[in-house]
Amino acid sequence: MNLPDLLPAEWRTELAGYLDADATAALGAFVASEYASHTVYPPIEDLFAAYRLCLPEQTRVLILGQDPYHGPGQAHGLSFSVRDGVRIPPSLRNVFKELAEDVGVAPPLSGDLTGWAEQGVLLLNAVLTVRAGAAASHGGKGWEAFTDATIQALNARDDRVVFLLWGGYARKKATLITNPAHVVLEAGHPSPLNPKGFRGAKPFSAANKALADGGRELIDWARR
């Protein structure tokens, strides 16, 4: 499986200078083997949904998750998001509570965040696949370098990107963001197991203020 070939052409060009060919080939072989021999999420057609819905020149905000949901019907290639009709996971419920308190958007009935992605919110997980029922099972297999390359490519762009890094794992990626054109907004992880650090951080209003300050169009967080 040649992973770059599955990307939109725009992302393939952006990432070319940041990916190690041998490491990417090894990752592709691992991913192909996992899909062939196990149930893996998200479905292969959704593997690069975040990239397909949000091209580099459109990206204004990046929200970084860790790895996909590992339950049936949950993951569809966008961090934190689940399709219509799927029960909203606890972390996403907390995101929606903060959204309501921060910018007055009533918690939606659907957990599908496609409307955000279509506006330029790159909903990226650090690891893009997972074996069914086995959280973090594809960690350390090479995806981290692939998605770090994505952050580095965005960092190299001149148009402002706001990086929302939630939780200790995501916050470590702040070291990749060195271009003063961009803004990093850190907070705790929205998991209900984390009792403080996310609620009250007001990331949505802060992101829009940073976009406005950088002359970029705001995100309509109410859009679905």
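Bear in mind the structure is a predicted one, so any value in this text is a computation, not a measurement.

Parameters and conventions
Residues numbered from 1 in each chain as written. Predicted model: local features only at pLDDT ≥ 70, side-chain atom pairs only at ≥ 80, totals over all residues. Heavy atoms only, no water. Axes fitted to C-alpha atoms, helices over the stretch in contact; angles between N-to-C directions. Helix = DSSP H or I, 4+ residues; strand = E, 2+ residues; numbered from the N terminus. Parallel < 35°, antiparallel > 145°, perpendicular 65-115°, else oblique. Contact = heavy atoms within 4.5 Å. Phe/Tyr/Trp six-rings, centres within 6.5 Å; stacked < 30°, edge-to-face > 60°. Buried < 20%, exposed > 50% of the residue type's maximum accessible area, 1.4 Å probe, protein only. UniProt positions renumbered as here; feature names shortened; annotations may be inferred. Salt bridge = Lys/Arg side-chain N within 4 Å of Asp/Glu carboxyl O. Polar contact = N/O pair within 3.5 Å; in protein donor to acceptor, adjacent residues only side chain to side chain. Pairing = 2+ DSSP bridges.

What follows concerns the packing of helix H5 (residues 90–103) against helix H9 (residues 203–213). Close contact between H5 and H9 brings their axes to 7 Å; oriented N to C, the two are set at 60°. With respect to H9, the element H5 is oriented oblique. Of the residues in H9, those in contact with Val95, Glu98, Leu99, Asp102 and Val103 of H5 are Pro203, Phe204 and Ser205.

In this section: the packing of aromatic side chains. Both the distance between ring centres and the angle between the ring planes are used here to describe each pair of aromatic rings. All told, the structure shown has 12 aromatic pairs when counted by the stated rule. Relative to Phe204, the ring of Trp166 has its centre 6.2 Å away and its plane inclined at 75°; by these criteria the two rings are edge-to-face. On the criterion of sequence distance, the pair formed by Trp166 in strand E5 (residues 162–166) and Phe204 in helix H9 is long-range, its members being 38 residues apart. Judged by its relative accessible area of 2%, Trp166 is buried. Exposure remark for Phe204: the relative accessible area of 0% places this residue in the buried category. Among the aromatic residues, those joined into a cluster by ring pairs are Phe80, Trp116, Trp166, Phe198, Phe204 and Trp221.

Here we take up the UniProt feature "domain: Uracil-DNA glycosylase-like" (unreviewed entry) in the protein chain. The UniProt record annotates "domain: Uracil-DNA glycosylase-like" (unreviewed entry) at residues 52–211. Helix makes up 29% of residues 52–211 and strand makes up 14%, while its end C-alpha atoms are separated by 22 Å.

The next thing to look at is the pattern of salt bridges. Throughout the structure, instances matching the rule amount to 9 salt bridges. Two residues, Glu118 and Arg223, come together in a salt bridge whose shortest N-O distance is 3.2 Å. Of this pair, Glu118 sits in the loop between helix H6 (114–117) and strand E3 (121–125) while Arg223 sits in the segment after H9, placing them 105 residues apart in sequence. Arg223 sits in the partly exposed class, given a relative accessible area of 35%. Residues Lys173 and Asp148 are paired through a salt bridge, measuring 2.8 Å at the closest nitrogen-oxygen approach. Here the residue Lys173 occupies a position in the loop between helix H8 (168–171) and strand E6 (183–187), and Asp148 occupies one in helix H7 (residues 143–155), the gap between them amounting to 25 residues. In terms of burial, Lys173 and Asp148 fall into one category: buried. Connected through shared salt-bridge partners, Glu98, Glu101 and Arg199 make up one network.

To continue, consider the UniProt feature "active site" (unreviewed entry) in the protein chain. In this structure's numbering, the residues bearing the UniProt feature "active site" (unreviewed entry) are Asp67. On the secondary structure map, Asp67 appears in the loop between strand E2 (61–65) and H5. Dropping the residues within four chain positions of it, Asp67 is found in contact with Asn125, Val127, Val130, Ala135, Ala136 and Ser137. Here Ala136 takes part through its backbone nitrogen, which lies 2.7 Å from a polar atom of the side chain of Asp67.

What the 4 strands build is an open sheet, ordered E3-E2-E5-E6; its pairing is parallel. Only two strands of the sheet have a single partner each, and these edge strands are E3 and E6. Put simply, the sheet's adjacent strands are angled 20° from each other on average, direction ignored. Of the pairings in the sheet, the one linking E5 to E6 comprises 5 bridges and is parallel in character. Pairing of Trp166 across the sheet is with Ala187, part of E6. Seen against the sheet, H7 touches E2, E3 and E5 and runs at an angle of roughly 150° to E3. Where H9 meets the sheet, it contacts E2, E5 and E6, and its direction lies at approximately 160° from that of E5.

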